[in-house]
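Observations on the three-dimensional arrangement
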Amino acid sequence: AKHNGKQRSILFNSNIEKDLEQKIILKNRIETALTDNEFILHFQPQYNLKTMEIIGLEALIRWNSDEVCYRPDEFIPFAEQQGLIHLIDNYVIKMACQQIANWQQQNIHVPRVAINISSQQINSKTILKLIDNEIVNHNLTGANLELEITEYSLVESLKKEGKQDSWLSHLHQKGIHISIDDFGTGYSSLSYLQHMNINRIKIDRSFIEEMTHEKDSQSIVSSIIALGHNVNATVLAEGIETEEQRRLLISLSCDEGQGYLMNKPLPPEDIAKLLTS
Ligand code: C2E
Ligand code: CA
Ligand code: CA
Ligand code: CA
């Protein structure tokens, strides 16, 4: 009890109170943004590096509002901390399926759309149900969808659930693809890859960035490509910005890529043009 007074004074003299207030404001802001439909999706094309054919689209959330301009790598981690991420993930799944259906109604042939699923959501029964429902509601099939899960969250979930993971097999049965996001940044142990059916590995942008001037990064990239092929996954390089990177990746037998060299994430209208041109 003696220390309480001192601790309290530290608390109130610091910025903690102000930070808390700010957090509550931002939390409320996210909640209203969800109900007011301020979040929209942009899509970044994914290419076969040899044929330069579009083989997929990654859905990336944007906060479309006049007053705020937070980027997803700011508000997504915050939403995860604050227990709001399931709301965002649900919203994105619904919006992505709606958008696929829209394009299909315009007779556009839509490649598989990859949705980012946050770490806390991948074991969730609710999200599997939601995905099933959205597929049915919009006349889609599992072949329309892919889920991107970071390496870190995938391994954490396997630790909890064990190797014969039920959500993974559920998705496989539906024909929904799984890809590992930010590969290379999460774990040094790769043994988990043997036990599961991963369709795609996405090499983290940091390696692609360094690859052309650092031999070590290039070795890592070529090891990841070999590893991916060994477990029957295709390998996609993230964040390709230069022709030099693209050429090097092709020479290292990397299958696929996305990045500013080809396209930035684009609004649905621009994607429609790209897919029909
Ligand atoms: P991520 O899943 O690794 O997404 C790739 C990020 O790299 C995107 O940033 C994309 O715009 C950016 N990018 C693509 N090509 C290039 C390039 O050539 N150069 C550079 N410098 N950047 C490139 P974005 O859209 O700002 O998203 C950041 C992160 O926020 C994502 O990283 C993902 O972790 C998260 N995120 C975005 N949308 C969603 C979502 O709908 N749901 C969830 N749960 N997370 C999301
Ligand atoms: Ca991603
Ligand atoms: Ca990534
Ligand atoms: Ca990332």
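One can find the structure itself at the top, above this paragraph.
It should be emphasised that the depicted structure is a prediction, and the values quoted were computed from it without experimental measurement. (Residues numbered from 1 in each chain as written. Chains lettered and ligands numbered in written order. Predicted model: local features only at pLDDT ≥ 70, side-chain atom pairs only at ≥ 80, totals over all residues. Heavy atoms only, no water.)

**Remarks on the environment of E151**
Relative to the helices and strands, E151 is located in helix α6 (residues 151-161). Judged by its relative accessible area of 1%, E151 is buried. As for E151 and G184, which are separated by 33 residues in sequence, their C-alpha atoms are 7.9 Å apart. (Helix = DSSP H or I, 4+ residues; strand = E, 2+ residues; numbered from the N terminus. Buried < 20%, exposed > 50% of the residue type's maximum accessible area, 1.4 Å probe, protein only.)

**Description of the coordination of the calcium ion (ligand 2)**
Tetrahedral coordination by four donors sets the ideal angle at the metal to 109.5 degrees; octahedral coordination by six donors sets it to 90 or 180 degrees. E58 (OE), N116 (OD1), E148 (OE) and D181 (OD) make up the full set of protein donors to the calcium ion (ligand 2), lying at 2.1 to 2.3 Å. One chain supplies every donor for the calcium ion (ligand 2), spaced along it as E-x57-N-x31-E-x32-D. The two metals, the calcium ion (ligand 2) and the calcium ion (ligand 3), are separated by 4.0 Å and share D181 as a common coordinating residue. Separated by 32 residues along the polypeptide, N116 in strand β3 (residues 112-116) and E148 in strand β4 (residues 145-150) bring together distant segments of the chain. The buried category is assigned to E148, whose relative accessible area is 1%. (Donors = N, O, S within 2.8 Å, 3.2 Å for Na, K, Ca; no water.)

**Side note on the coordination of the calcium ion (ligand 4)**
Coordination of the calcium ion (ligand 4) by the protein involves D182 (OD) and D182 (OD), with metal-donor separations of 2.7 to 3.0 Å. Here the calcium ion (ligand 4) and the calcium ion (ligand 2) are spaced 5.9 Å apart.

**Considering helix α3 (residues 72-81)**
Of all the residues in α3, the buried ones are F75, F78 and A79. Taken end-on, α3 shows its buried residues confined to a sector of 100°, consistent with a single buried face. For α3, the exposed residues set more than 90 degrees away from the buried face come down to D73 and Q81. Positive backbone phi, at 70°, marks G83, one or two positions downstream of α3. (Arc of directions from axis to C-beta.)

**Focus: the sheet that holds strand β5 (residues 177-183)**
Neighbouring strands of a sheet are bound in pairs by backbone hydrogen bonds; such pairs are parallel or else antiparallel. Taking strand neighbours around the barrel as the criterion, the eight strands line up as β1-β2-β3-β4-β5-β6-β7-β8 in a closed arrangement whose pairing is mixed. Pairing of strand β2 (residues 54-63) with β3, which is carried by four bridges, proceeds in the parallel orientation. Bridge pairing links G56 to R112 in β3. Strand contacts of helix α11 (residues 268-276): β1 (39-48) and β2, with the helix running at about 25° to β1, the strand carrying the most contacts. (Pairing = 2+ DSSP bridges. Contact = heavy atoms within 4.5 Å. Axes fitted to C-alpha atoms, helices over the stretch in contact; angles between N-to-C directions.)

**With respect to the packing of aromatic side chains**
Going through the model one piece at a time under the given rule, you end up with six aromatic pairs. On the numbers, 5.0 Å between centres and 50° between planes, the contact of F39 with W63 is tilted. Linking F39 in strand β1 with W63 in strand β2, this pair joins segments that are 24 residues apart in sequence. What makes F39 buried here is its relative accessible area of 1%. With a centroid separation of 4.9 Å and an interplanar angle of 65°, the aromatic rings of F43 and W103 are classed as edge-to-face. Residue F43 is found in strand β1, and its partner W103 is found in helix α4 (residues 85-105); the two are separated by 60 residues along the sequence. A relative accessible area of 0% places F43 in the buried class. Seen from the ring of Y260, K264 lies directly overhead, with NZ or CZ sitting 4.7 Å from the centre. (Phe/Tyr/Trp six-rings, centres within 6.5 Å; stacked < 30°, edge-to-face > 60°. Lys NZ or Arg CZ within 6 Å of the ring centre and 35° of its normal.)

**Here's the deal with the site of ligand 1**
By nearness alone, 22 residues border ligand 1, and R62, D181, R205, E241 and Y260 come closest of all. R205 places a side-chain nitrogen or oxygen 3.0 Å from an oxygen atom of ligand 1. At 2.5 Å, a side-chain N or O of E241 approaches a nitrogen atom of ligand 1. Of all elements in the fold, only β2, α3, α4 and β5 reach the threshold of two or more residues within the shell around ligand 1. Residue contributions to the shell around ligand 1 peak at four residues, all from β2. (Near = heavy atom within 4 Å. Polar contact = N/O pair within 3.5 Å; in protein donor to acceptor, adjacent residues only side chain to side chain.)

**Considering a negative patch on the surface**
A contiguous patch of negative charge, built from E209, E210, E214, D216 and E241, is present on the exposed surface. Structurally, E209 is set in helix α8 (residues 205-211). (Patch = residues over 30% accessible without salt bridge, like charges linked within 9 Å, V, L, I, M, F, W, Y side chains within 5 Å. Areas by Shrake-Rupley, 256 points an atom, 1.4 Å probe, with all protein chains shown as cover. Salt bridge = Lys/Arg side-chain N within 4 Å of Asp/Glu carboxyl O. Lys, Arg positive; Asp, Glu negative; His and termini not counted. Charge placed at Lys NZ, Arg CZ, Asp CG, Glu CD.)

**Digging into the environment of S124**
With respect to the secondary-structure elements, S124 resides in the loop between β3 and α5 (125-137). For S124, a relative accessible area of 17% puts it in the buried group. Residues S124 and H86 lie 38 residues apart in sequence; the distance between their C-alpha atoms is 9.3 Å.

**Some points on unusual backbone geometry**
Its identity is not glycine, yet M52 carries a phi of approximately 55°, on the positive side. Turning to its location among the elements, M52 is positioned in the loop between β1 and β2. The backbone phi angle of N232 is positive, close to 60°, even though this residue is not glycine. Looking at the element boundaries, N232 is found in the loop between α9 (215-230) and β7 (234-237). You can call N232 exposed: its relative accessible area is 71%.

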